[in-house]
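Okay, here's what each chain looks like letter by letter:
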Amino acid sequence: MSEMRAEIEGRTLKISNLDKVMYPATGTTKGEVLNYYVQIAPVLLPHLADRAVTRIRWPHGVQDKSFFEKNVPSGAPSWLRTARVPTTGSRGSSRNGDELIFPIVDGVAALAYLVNLASLELHVHQWTVTKSGRPKHPNRLVIDLDPGEPAGLPECATVALMVREKLAERSLEALPVTSGSKGLHLYARLDGKRDSDEVTAVAKEIGEELQAEHPKLVTAVMTKARRGGKVFLDWSQNAGSKTTISPYSLRGKEKPYVATPRTWAEIEAGADDPLELEQCRFEETLERVAEHGDLFAP
């Protein structure tokens, strides 16, 4: 069946092309993708709550072209919550002039609606919005550890332990997430008193300190040519306009990997043994949540 109607949270959704293959390498279908997102929703939704969601859509699967979408899709249902965000807080081209109209995912119905549009990746800012859509100060800091060949996840794990210490020196507790791509993300919760520029400055300071202390392993410089064999500590995703893949979001990679919260014991093991830490596929992430609950929960 190419299209069906589904009742979710009292909303009627048109769900289409459930048998379309989204990940050819594994044969993973759109139906399986939707099933994953519905199953993971109890732990995913709290981390999307009140955050403007940017989607990356793969209409024909990951082997084909994708595109970023910030504004609410045309034809979106009237019940989908939205936030009008000034482009000063989230810069980018907009059909609305000086603001973007983002969707806010406040339940399973909203999540399923966006995923049905082949939105495999869900990206969010480090700030939330008020009921009127006004961006607040960020309530978390993020550092993206991105390895340059031949460095990989083991080197990211090693640097993650260093970042954890730097954050602890600033009375911040780090939470690790394997990105579902090549590297690691580290988050720290904030009290919301600092603006995006101030938070960016803290993250940049940590990056530059580690680059000075471990110049053969860490770089805090954006230039890709200077990343070979090093871990790029990307502090820039704390800017008001930047987004990061949400914990528990799928990735549009060859296989259905997920940005997956981890324990520090796993990161420590990964730093010691290259075979101990790998990116998680969606089946593994569901199993982990069933066993451990939400490792990213407050």
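Bear in mind that the values here come from a model prediction, so they are computed numbers and not experimental data. (Residues numbered from 1 in each chain as written. Predicted model: local features only at pLDDT ≥ 70, side-chain atom pairs only at ≥ 80, totals over all residues. Heavy atoms only, no water.)

Structural notes on the packing of aromatic side chains
What counts, and what does not: Working definition: a ring pair exists when centres of Phe, Tyr or Trp rings (six-membered ring for Trp) sit within 6.5 Å. Plane angles under 30 degrees give stacked, over 60 give edge-to-face, the rest tilted. Only DSSP runs of H or I with at least four residues qualify as helices, and only runs of E with at least two residues qualify as strands; both kinds are numbered from the N terminus onward. Between buried and exposed lies partly exposed: a residue is buried under 20% and exposed over 50% of the maximum accessible area for its type, with that area taken using a 1.4 Å probe on protein chains only.
Considering all chains together, one arrives at three aromatic pairs under this definition. Ring centres 5.8 Å apart and planes at 75° place the aromatic pair tyrosine 36 and phenylalanine 282 in the edge-to-face group. Separated by 246 residues along the polypeptide, tyrosine 36 in helix α1 (residues 30-48) and phenylalanine 282 in helix α6 (residues 282-292) bring together distant segments of the chain. Under the relative-accessibility criterion, tyrosine 36 is labelled buried at 0%. On the accessibility criterion, phenylalanine 282 (9% relative accessible area) is buried. The interplanar angle of 80° and the centroid separation of 5.0 Å between the aromatic rings of tyrosine 187 and phenylalanine 296 together place this pair among those described as edge-to-face.

Description of helix α4 (residues 196-213)
So the rule is basically this: Expected span of a helix, by definition, is 1.5 Å for each gap between consecutive residues, and there is one gap fewer than residues. The arc refers to the directions leading from the helix axis to the C-beta atoms. Residue contacts follow a heavy-atom distance rule, with two residues in contact if any of their heavy atoms lie within 4.5 Å. For the purposes of these results, a polar contact is taken to be a pair of N or O atoms within 3.5 Å, where, inside protein, one atom must be able to donate a hydrogen and its partner to accept one; residues adjacent in sequence count only when each atom of the pair is a side-chain atom.
With 18 residues, α4 should cover 26 Å at 1.5 Å per step; its first-to-last C-alpha distance of 26 Å lies within 8% of that length. Buried within α4 are the following residues: Ser196, Val199, Thr200, Val202, Ala203, Ile206, Gly207 and Leu210. Looking straight down α4, one finds that the buried residues subtend no more than 160° of arc, so they occupy a single side. Facing away from the buried side of α4, by more than 90 degrees, are the exposed residues Asp197 and Ala212. Buried positions along α4 lie against β10 (140-147), α3 (153-169), β13 (218-219) and β14 (231-234). Where α4 starts, the residue carrying a side-chain oxygen 3.1 Å from the main-chain nitrogen of aspartate 197 turns out to be aspartate 195.

So, the packing of α3 against α4
How we decide: Angles here are taken between N-to-C directions and fall from 0 to 180 degrees, while the axes themselves are lines fitted to C-alpha atoms, restricted in helices to the stretch in contact. Any angle from 65 to 115 degrees is called roughly perpendicular, while one under 35 is roughly parallel, one over 145 is roughly antiparallel, and all others are oblique. Note on convention: near helix rotated counterclockwise from far helix by under a right angle means a left-handed crossing. Clockwise means right-handed. Ten residue types, Ala, Val, Leu, Ile, Met, Phe, Trp, Tyr, Cys and Pro, are classed as nonpolar, four, Asp, Glu, Lys and Arg, as charged, and the remainder, Gly among them, as polar.
Where α3 contacts α4, the two axes come as close as 11 Å, and the packing angle between them is 125°. One element, α3, and the other, α4, form an angle in the oblique class. The handedness of the crossing between α3 and α4 comes out as right-handed. For the pair α3 and α4, the contacting residues are Met162, Val163, Lys166 and Leu167 in the first and Ile206, Glu209, Leu210 and Glu213 in the second. Here the contact of α3 with α4 is composed, by residue class, of five nonpolar, no polar and three charged.

Describing the environment of proline 59
Mapping proline 59 onto the fold places it in the loop between β5 (53-57) and β6 (67-69). A sequence separation of 60 residues divides proline 59 from serine 119, and the C-alpha atoms of the two residues are 8.1 Å apart. In this view, proline 59 contacts Lys20, Lys65, Phe67 and Ala118; residues no more than four positions away in its chain are not counted.

Let's talk about the pairing of strand β12 (residues 184-189)
Condition: Paired strands are those between which DSSP finds at least two bridges.
Among the six residues in β12, five count as buried, and that is most of the element. Pairing between β10 and β12: six bridges, direction antiparallel. Paired with leucine 145 across the two strands is leucine 184, which belongs to β12. Bridge count between strand β11 (residues 174-178) and β12: five bridges; the pairing is antiparallel. Bridge assignment links valine 177 to a residue of β12, and that residue is histidine 185.

Examining the domain arrangement of the protein chain
One frequent convention defines the size of an interface as the accessible area lost when the parts assemble. Basically, it comes down to this: Segment limits for the domains were obtained from an automatic or database-derived domain assignment. Note on terms: buried area is the combined drop in 1.4 Å-probe accessible area of two parts once they are placed together, counting the loss on both. Salt bridges are identified by distance alone: a Lys or Arg side-chain nitrogen within 4 Å of an Asp or Glu carboxyl oxygen.
Split by domain assignment, the protein chain resolves into domain 1 (3-136) and domain 2 (137-292). Contact residues are listed per partner, giving 32 residues for domain 1 and 32 residues for domain 2. A per-residue breakdown of the area domain 1 buries against domain 2 is headed by Tyr23, Tyr36 and Gln126, which together make up 27% of the total. Counting across the interface, domain 1 meets domain 2 through one salt bridge. Across the pair arginine 251 and glutamate 121 runs a salt bridge whose closest N-O atoms are separated by 3.2 Å. Looking at the side of domain 1 that touches domain 2, the element that brings in the most residues is α1, giving ten residues. Classifying every residue of the side of domain 1 that touches domain 2 by side-chain character gives 16 nonpolar, eleven polar and five charged.

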